Amino acid sequence: MSKTNLILSFLFLLLSSLPNPSSPSTFSFIYGGCSQIKYDPSSSYQFNLNSLLTSLLNSANFSPYNKYTINAPNPDPTLYGVYQCRGDISTADCSSCVRSAISQIGILCLDTSGATIQLDGCYVKYDNVTFLGVQDKSLVLKKCGPSTGRYDTDMLSRRDEVLTSLGGGTGMYRVGSIGYVSGVGQCVGDLDGGECTDCVSEAVERLRGGCGWSVSGAVYLGKCYAQYVAGGAYTSSGSSGAVSSSNEGSGQPVSWGGWWGLAMWACLMNLLKYP
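In this text the structure is predicted, and so the values were computed from the model without any measurement. (Residues numbered from 1 in each chain as written. Predicted model: local features only at pLDDT ≥ 70, side-chain atom pairs only at ≥ 80, totals over all residues. Heavy atoms only, no water.)

Asker: I tried to follow helix 4 (residues 153–167) on my own but got confused; where do I start?
Answerer: Since there are 3.6 residues in each turn of an α-helix, residues three or four apart along the chain are aligned in direction. The end-to-end C-alpha separation of helix 4 is 21 Å, in line with the 21 Å expected for 15 residues at 1.5 Å each. Looking only at helix 4, the buried set comprises Met155, Leu156, Arg159, Val162, Leu163, Leu166 and Gly167. Burial along helix 4 is one-sided: seen end-on, the buried residues are contained in an arc of 135°. The N-capping residue of helix 4, defined by a side-chain oxygen 3.2 Å from the backbone nitrogen of Asp154, is Asp152. (Helix = DSSP H or I, 4+ residues; strand = E, 2+ residues; numbered from the N terminus. Expected span 1.5 Å × (residues − 1). Buried < 20%, exposed > 50% of the residue type's maximum accessible area, 1.4 Å probe, protein only. Arc of directions from axis to C-beta. Polar contact = N/O pair within 3.5 Å; in protein donor to acceptor, adjacent residues only side chain to side chain.)

Asker: Would you take a moment to explain the side chain of Gln118 for this structure?
Answerer: Position of Gln118 among the secondary structure elements: in strand 4 (residues 115–119). Look at Gln118 and you get buried, because its relative accessible area is 7%. Engagement of the side chain of Gln118 in a polar contact is seen with the backbone oxygen of Cys122, the distance being 3.2 Å.

Asker: Help me understand the state of the cysteines, please; the structure alone is not making it clear to me.
Answerer: Here a disulfide denotes a covalent bond joining the sulfur atom of one cysteine to the sulfur atom of another. Tallied over the full model, the rule gives six disulfides. Each sulfur of the disulfide joining Cys85 and Cys94 lies 2.0 Å from the other. Its S-S torsion of approximately 80° makes the covalent link between Cys85 and Cys94 right-handed. By the burial criterion, Cys85 is buried, and Cys94 matches it. The disulfide that involves Cys187 links it to Cys196, with 2.1 Å between the sulfurs. Handedness of the Cys187-Cys196 disulfide follows from its S-S torsion of about 90°: it is right-handed. Of the two residues, Cys187 and Cys196, both sit in the buried class. Regarding the disulfides, the protein chain carries the connectivity 1-5, 2-3, 4-6, 7-11, 8-9, 10-12 under sequence-order numbering of its bonded cysteines. (Disulfide = S-S within 2.5 Å.)

Asker: For this particular structure, what's the right way to read the pattern of salt bridges?
Answerer: Any two side chains of opposite charge can pair, given that their charged atoms come close. The tally for this structure, following the rule as stated, stands at nine salt bridges. Note that Asp190 is salt-bridged to Lys223, the shortest N-O span being 2.7 Å. Remark: Lys223 occurs in the loop between strand 9 (216–221) and strand 10 (224–230) and Asp190 occurs in the loop between strand 8 (181–187) and helix 5 (193–210); sequence separation between them is 33 residues. Note on accessibility: Asp190 and Lys223 belong to one class, buried. One continuous salt-bridge network, built from bridges that share partners, spans Arg159, Asp160, Glu205 and Arg208. (Salt bridge = Lys/Arg side-chain N within 4 Å of Asp/Glu carboxyl O.)

Asker: Got a minute to help me understand the packing of helix 4 against helix 5 in this structure?
Answerer: Geometrically, a packed helix pair is captured by the angle between its two axes and the distance between the axes. Where helix 4 meets helix 5, the axes come as close as 8 Å, and the angle between the chain directions of the two elements is 160°. Taken together, the axes of helix 4 and helix 5 lie roughly antiparallel to each other. Along this stretch, helix 4 crosses helix 5, giving a crossing that reads as left-handed. From helix 4, Arg159, Asp160, Leu163, Thr164, Leu166 and Gly167 reach across to helix 5, where they touch Thr197, Val200, Ser201, Val204, Leu207 and Arg208. Across the contact of helix 4 with helix 5, the residue classes break down as five nonpolar, four polar and three charged. (Axes fitted to C-alpha atoms, helices over the stretch in contact; angles between N-to-C directions. Parallel < 35°, antiparallel > 145°, perpendicular 65-115°, else oblique. Left-handed = near helix turned anticlockwise from the far one by under 90°. Contact = heavy atoms within 4.5 Å. Nonpolar A, V, L, I, M, F, W, Y, C, P; charged D, E, K, R; others polar.)

Don't take any of this as a statement about function, it's just geometry.
Dropping the structure here:
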């Protein structure tokens, strides 16, 4: 096949795999991040990584959470991986979400030794530095929706009660609602109950302090997240829709446009490098 045909075939494949805007919200991209350390794609690291990701994918057919470790012989490093699906989705949707996340990681974080991706319905992470069972409350992403435009005592009171219930709840997946305000929080399953409560409580406080009068908000920390949304009159007015781009976080999350533009450019440049 000529280089021209190869490039055209590549672009067709890449564009055809772009996420469909009408696809279920379960697969909506939230954030992602890649290690700055690269590995040789012809090395045994690639084989071990494929084994790890295959194990995660196979497990998602049966369980909403699992973690794996690939103990490689020296000098190869040990690989660690985890996935976590949202607590209210079906096993079939969990499997599809993890499959989508792993597929996207392969493009977004090409040949990187570690990667993290959060979709609306699932979370996947791998690295050669252990993170399993390690608490992580670092801020990855904060998103606040549009303001109510006034100090709405009723909405803010309901929101605070919902957030308090999330922080004081039990289990890895927590939901709460008071009237037209609802909220959800979840931890990655490698934390214990106390660590989960600690993490969600931190996310809740960041929401309270960071989203002011916003009718919706979400905070993603390294091992958990919390979010809320006000419905009712706010939904009918259209103001509680998509969360605005009030983004903060050490992970420097980027949008789909940014990810796919960079991925397409990098892969195309690799093709052009070789005769």
